[in-house]
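Fold and geometry: a report
Spelled out, the chains give:
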Amino acid sequence: MMNPPLRLLTAFQHYHSEPPAHLLPVPGREMWIAAVMGKKHFYTLLLPDSVTSITFDNRSARRGMTWAARPAAAHFRYVVAAARWLAWENLLPVGGRIVVVGNEPPGPRYDHALGMAFITLAYACHERDINDTQLFGLMERIERDYL
């Protein structure tokens with residue numbers, strides 16, 4: 001396993017008082033995810049590189065909205081779609097606080113990689129492995145069926 005980027009660990013420590021329970025590279029992308037899972041049924045995903053975040057739960061994700069009933073920002077559309085697919089497959093974790101950093105260029109590739117990061121985390125929470133080929137296949141399905 002590669003060493004996680006220092007800015008991921010610094011950002012996580014800045015926003016959360018506890019260490020991450022999961023610290024993962026996203027297969028096939030230059031992206032890392034750190035998370036502490038909670039008992040509440042909502043997710044807060046923070047992108048320190050762009051200083052943006054989203055908080056959503058399963059119900060708001062089905063509507064493409066945030067937890068506060070606002071439309072999800074465009075760069076989070078793959079995350080919300082991935083959450084919908086994970087819920088359908090009974091793979092959606094209970095909830096968590098998540099930080100993602102990466103070296104992907106801004107735009108559609110970055111948005112796509114955010115969805116991949118969320119799926120990678122969900123699989124890790126269920127102690128399942130996923131490789132880049134499987135992940136790209138799932139993202140194609142999610143893009144076709146949920147976007």
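For the structure, check the block above.
Remember, it's a predicted structure, so these values are computed and weren't measured experimentally.

1. Topic: the packing of helix α3 (residues 77–88) against helix α5 (residues 132–146)
How two helices pack is summed up by the angle between their axes together with the distance between the axes. Their axes nearest at 10 Å, the elements α3 and α5 cross at an angle of 95°. Classified by the angle between their axes, α3 and α5 sit roughly perpendicular to one another. Contacts between α3 and α5 pair Tyr78, Ala81, Ala82, Arg84, Trp85 and Trp88 from the former with Leu138, Met139, Arg141, Ile142, Glu143 and Tyr146 from the latter. Residue composition of the contact of α3 with α5, by class: nine nonpolar, no polar and three charged.

2. A short note on the nonpolar core
Membership of the largest hydrophobic core comes to 40 residues, with the highest contact counts inside it found for Leu45, Leu86, Ile98, Val100, Phe118 and Ile119. At the level of elements, β2 (31–37), β3 (42–47), β4 (52–57), α3, β5 (96–102), α4 (108–125) and α5 are the ones that each hand at least two residues to this core. With 10 residues, α4 is the single largest residue contributor to this core. Those residues within four positions of Val100 in sequence are excluded, and the remaining contacts are Leu8, Met31, Trp32, Ile33, Leu45, Leu46, Leu47, Pro48, Leu114 and Ala117. Among the nonpolar cores identified, the runner-up in size contains nine residues, and Ala11, Phe12, Val36 and Val99 belong to it.

Conventions used here
- Residues numbered from 1 in each chain as written.
- Predicted model: local features only at pLDDT ≥ 70, side-chain atom pairs only at ≥ 80, totals over all residues.
- Heavy atoms only, no water.
- Axes fitted to C-alpha atoms, helices over the stretch in contact; angles between N-to-C directions.
- Helix = DSSP H or I, 4+ residues; strand = E, 2+ residues; numbered from the N terminus.
- Parallel < 35°, antiparallel > 145°, perpendicular 65-115°, else oblique.
- Contact = heavy atoms within 4.5 Å.
- Nonpolar A, V, L, I, M, F, W, Y, C, P; charged D, E, K, R; others polar.
- Core = buried A, V, L, I, M, F, W, Y, C linked by side-chain atoms within 4.5 Å.
- Buried < 20%, exposed > 50% of the residue type's maximum accessible area, 1.4 Å probe, protein only.

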